[in-house]
Amino acid sequence: MKVDLTNQVALVTGAARGIGRAIADQLATNGARVVYADLDFATAKTAAAAQAISGSALAMDVSSETQVEAGVAQIIQEQGRLDILVNNAGINTMKHRVNIDQFPLEEWQRILSVDLTGLFLVSRAASRHMVERKSGRIVNISSVLGVVPARLQCAFTTAKAGVVQLTRTMAIELAPSNILVNCVAPGSTLTEGTKQLFYSTEAIMQERAKRMLSHVPLNRPGTVEEIAHAVLFFAAPESSYITGQTLCVDGGWTAGGFLRDF
Ligand SMILES: NC(=O)c1ccc[n+]([C@@H]2O[C@H](COP(=O)([O-])OP(=O)(O)OC[C@H]3O[C@@H](n4cnc5c(N)ncnc54)[C@H](O)[C@@H]3O)[C@@H](O)[C@H]2O)c1
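Rules behind the numbers
- Residues numbered from 1 in each chain as written.
- Predicted model: local features only at pLDDT ≥ 70, side-chain atom pairs only at ≥ 80, totals over all residues.
- Helix = DSSP H or I, 4+ residues; strand = E, 2+ residues; numbered from the N terminus.
- Core = buried A, V, L, I, M, F, W, Y, C linked by C-beta atoms within 7 Å.
- Buried ≥ 20, exposed ≤ 12 C-beta atoms within 10 Å, placed from the backbone.
- Contact = placed C-beta atoms within 7 Å.
- Near = placed C-beta within 6 Å.
- Nonpolar A, V, L, I, M, F, W, Y, C, P; charged D, E, K, R; others polar.

Draft legend 1. Broad picture of the environment of Glu-173. Inspection of the secondary structure puts Glu-173 in helix α5 (residues 154-174). Spatially, the C-alpha atom of Glu-173 lies 21 Å from that of Asn-88, the residues being 85 residues apart in sequence.

Draft legend 2. The arrangement of the nonpolar core in detail. Core analysis: the largest hydrophobic core is formed by 74 residues, its most contacted members being Ala-10, Val-12, Leu-27, Tyr-36 and Val-231. The biggest single contributor to this core is helix α4 (residues 105-133), with nine residues. Residues in contact with Tyr-36, not counting those within four places in the same chain, are Val-12, Ala-15, Ala-16, Ala-24, Ala-44, Ala-47, Ala-48, Gly-55, Ala-57 and Leu-58.

Draft legend 3. The site of the ligand, seen in detail. Taken together, 28 residues lie near the ligand, and Gly-14, Gly-18, Ile-19, Gly-90 and Ser-143 sit nearest. Of all the secondary-structure elements, those providing two or more residues to the shell around the ligand are α1 (18-29), α4 and α6 (192-198). At three residues, the largest contribution of residues to the shell around the ligand is made by α1. Tallied by class, residues from the shell around the ligand come to ten nonpolar, 14 polar and four charged.

This is the structure we're talking about:
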């Protein structure tokens, strides 16, 4: 997919690796100047450096109000503008795959603080600037688990459902300022983390991967590039009449089935 983002400045959170990096790379390849923001500054720097002059790195913990405010202010000061925000940074737990009656409060708070509060904090700081300029695009990364239910992940599913609803709220609040807000909800996507599951030789992992894919009509995980293309679509100048929407990029999962455990 090719779009023209020349002269636009984009901020992608959680851009050091995985889906975030693919999104940042796609935006840069299509002409934007991209700020790769991440907790992991060293890796973000390497990722940004691969884009030569279109990429720069920023150390930012999205769950820290102070770091978010300072980071966005720094972008405006250095780049003069912020046109596109992609709220991608997100975490989940593999350790606590338990029902709500066993779910630790600290784990609930840790996940909500990044996946939902973090997204709120970065959106608030960025939209303040976008409202002044009466222009902007915000793309939030949720998950199919924000759209359909799943057991054993109450914090993640709740946070990601919150992202879908916050997308709609932001869309109607910011529409008068010509800021479009949309959401991409990935299904199972191949990253360094999930490759360990999908490519494992252990029988228990292979069984888990098989159960995950049994809910995916296309019967394979998505690639990070396939997620990034959907984000690029929402960021493109051509998508100027779409706001408040969630696009599931999930191989047909949400079209076909609902329940899964892993
Ligand atoms: N991979 C999947 O199958 C999948 C499926 C559905 C949704 N998602 C969502 O897509 C997004 C990216 O997922 P991924 O699989 O690429 O994750 P990942 O773990 O591979 O990468 C996440 C990146 O975010 C950074 N990060 C974590 N906490 C942060 C914080 N507080 N502040 C700033 N950066 C932080 C990490 O350092 C890392 O670089 C997440 O929001 C995730 O919930 C992923």
